[in-house]
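# Fold and contact review
The residues making up each chain are set out below.
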Amino acid sequence: MNSGCDAPGLMPIEQAMRIIADTISPITDITLCDLGEALDRVIAKDIVSPINVPAYDNSAMDGYALRFNDYLASKTLTLVGKSFAGTKFTGAMQEGECVRIMTGAEIPEGADTVVMQENAVANDKQITFNSAGKGDAIRPAGDDIKQGDTILKVGDRINAIDIGLLASLGVSSVPVYRKLRVAVFSTGDELLAVGEQPRSDRIFDTNRPMLLAMLSKMGVDTIDMGIIEDDKAQIKAAFEYANQQADCVITSGGVSVGEADYTREILEEYGSVDFWKLAIKPGKPLAFGRLPNSVFFGLPGNPVSSAVTFDQIAAPALAILAGCKIQAPVLLPAIAASIFKKRPGRTDYQRAHYFIDEDGQVSVETLGSQSSGVLSCFRKSNCYAVLESERGRVSAGESVHILPFSSIVS
Ligand SMILES: Nc1nc2c(c(=O)[nH]1)N[C@H]1C(S)=C(S)[C@@H](COP(=O)(O)OP(=O)(O)OC[C@H]3O[C@@H](n4cnc5c(N)ncnc54)[C@H](O)[C@@H]3O)O[C@H]1N2
Ligand code: MOO
């Protein structure tokens, strides 16, 4: 029999993500950012290369530059000079001649081939070549990037490789959208802030430090508003302050149906609720809506529910808000190596461990309690087993889908 937790009428996550995409207006403020600060920022104008990379034809090997036709005519050529990376050979290479060349050095005028030194024998100025292929070991100008190529597009999040690409173009600053400001507070009279004296009738606020850490991984500016008591007036005041300071307000706790669960009620009064209660496990009572100047996520108080809903729903929403292009998560097929307890009605994001079994198959096993209060289960896991809503208990050997953990939760 289903408990209230699997009640019908819950919204599928796909529908929730469509609502988020339709509701959120990305920020439009653009700022110039130094390359050294640009990691994780979102490109606001296409970046077009001002130069060729590499700028000149150069050697991929340490060896000898020559004309291939000369090699065909005689395997032994006369050495007439050297070309180093940074100091090119300036002379004119005549018929029957070759030039010593280092990796990255400019190809001398007239040469069309580089033979690596392992395929050559030097006898003073006479170099005999064992083998050569026309055009070998030459990296032409613009081989990597051509002048006028679009390197990064509006909505690309700048990663470490992009920093390298931009550096290779000599770009010292990039137009990006301004950083998001996200305010976070926890609600709950049972919560102690880390650093406070432990008490047998209290628990430590786990979600706020965890969410702030996840947000800092996303490169947003955070506003830590601490713990707010389960008091309607105080929570409302926190909503109003957060809305003035931030583009997005994230709370944890108080979104379910208990007598001290005020979050959704205040959201309804002060802003609007776009959805509440999803067909996912954990995270069913997630609330999403809008405040006068910001968007709002009310994450469920259970730490696992907070983590999963942030990772799967709030993080992509923040990426949209930041002006970033996002892709739907790519689920991978795997074979269940253990049973997965499940009831139909919600899509489960079970914390699991995937590995390659002795037959070379991608397999996935469950490693422990799937309770929404058991945060330690993430540590043992490296993926979600995403078990579709209509499924019941999964037996070992059945096909399932997995979603390897992103850097937000790992
Ligand atoms: N009658 C029903 N009860 C509950 C339902 C339901 O459908 N009907 N849903 C359950 C589900 S599912 C979830 S998830 C939770 C969500 O509840 P809330 O978002 O209202 O959160 P709280 O009640 O405030 O707390 C739940 C749980 O998590 C602990 N908690 C809260 N905040 C923190 C924090 N910052 N750090 C660590 N732990 C926290 C809190 O002490 C509770 O144990 O509701 C179920 N109930
Ligand atoms: O949805 Mo709750 O997050 O199952 O524990």
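Per chain, the residues get numbers from 1 upward, laid out in the order the sequence is written. Whichever chain is written first is A, and whichever ligand is written first is 1; the rest continue in order. For a predicted model such as this one, the threshold for reporting local features is a pLDDT of at least 70, and the threshold for listing and counting side-chain atom pairs is 80 or more; totals across whole chains, interfaces and linings nevertheless cover every residue.

Going by an unreviewed UniProt entry, the chain carries the name Molybdopterin molybdenumtransferase and comes from Glaciecola nitratireducens. UniProt positions are given in the numbering used here, feature names are shortened, and annotations may be inferred rather than shown by experiment. You can read under Catalytic activity (unreviewed entry) in the UniProt record for the chain the words "adenylyl-molybdopterin + molybdate = Mo-molybdopterin + AMP + H(+)". Comment text from UniProt for the chain, heading Cofactor (unreviewed entry), reads "Mg(2+)".

Moving on: the sheet that holds strand β4 (residues 63-66). DSSP bridges decide pairing: two strands pair if at least two such bridges lie between them. Helical segments are the DSSP runs of H or I of at least four residues, strand segments are the runs of E of at least two, and each set is numbered from the N terminus. The strand order across the open sheet built from six strands is β7-β4-β6-β5-β9-β8, with neighbouring strands paired in mixed fashion. Each end of this open sheet is capped by a strand with a single partner; those strands are β7 (113-116) and β8 (120-123). Ignoring strand direction, the axes of neighbouring strands in this sheet form an average angle of 40°. Both β4 and strand β6 (residues 97-101) contribute to a ladder of four bridges, which runs antiparallel. Among the inter-strand pairings, Y64 is bridged to a residue of β6, identified as R100. Whenever a helix is involved, its axis is fitted only over the stretch in contact; in every case the axis is a line through C-alpha atoms, and angles between N-to-C directions fall within 0 to 180 degrees.

Looking now at the packing of helix α1 (residues 13-23) against helix α7 (residues 303-321). The geometry of α1 relative to α7 is characterised by a closest axis approach of 10 Å and an angle of 25° between their N-to-C directions. What the angle tells us is that α1 and α7 run roughly parallel. Regarding α1 and α7, the two cross each other, and that crossing is right-handed. In this structure, α1 contributes A16, M17, I20 and A21 to the contact, and α7 contributes I313, P316, A317 and I320. Three residue categories are used. Nonpolar comprises Ala, Val, Leu, Ile, Met, Phe, Trp, Tyr, Cys and Pro, charged comprises Asp, Glu, Lys and Arg, and polar comprises the others, including Gly. Its residues placed into classes, the contact of α1 with α7 shows eight nonpolar, no polar and no charged. For classification, angles of less than 35 degrees are called roughly parallel, those exceeding 145 degrees roughly antiparallel, those between 65 and 115 degrees roughly perpendicular, and all remaining angles oblique. Handedness of a crossing is defined here by the sense of rotation of the near helix relative to the far one, left-handed for an anticlockwise turn of less than a right angle and right-handed for a clockwise turn. Here the contact rule is simple: place C-beta atoms from the backbone, and any two residues whose C-beta atoms are within 7 Å are in contact.

Looking now at helix α6 (residues 263-270). Because each turn of an α-helix spans 3.6 residues, side chains separated by three or four positions end up pointing in the same direction. Note on burial: count the other C-beta atoms lying within 10 Å of the residue's C-beta; 20 or more is buried, 12 or fewer is exposed, in between is partly exposed, and C-beta positions come from the backbone. Among all positions in α6, only T263, I266 and L267 are buried. Taken down its axis, α6 places every buried residue within 105° of arc, on the same side. On its buried face, α6 sits against β13 (181-187), α5 (232-245), β17 (248-252), β18 (272-276), β20 (287-290) and β21 (295-299). Here the arc refers to the directions that run from the helix axis out to each C-beta atom.

Another aspect to go through is unusual backbone geometry. Here the residue pair V53 and P54 is connected by a cis peptide bond, since its omega of -5° sits within 30 degrees of zero. Tracing the backbone through its elements, the reader meets P54 in the loop between β2 (47-48) and β3 (58-59). With an omega dihedral of 0°, the bond running from K281 to P282 counts as a cis peptide bond. Assignment of secondary structure puts P282 in the loop between β19 (280-281) and β20. One non-glycine residue, D124, lies in the positive phi region at around 50°. With respect to the secondary-structure elements, D124 resides in the loop between β8 and β9 (126-129).

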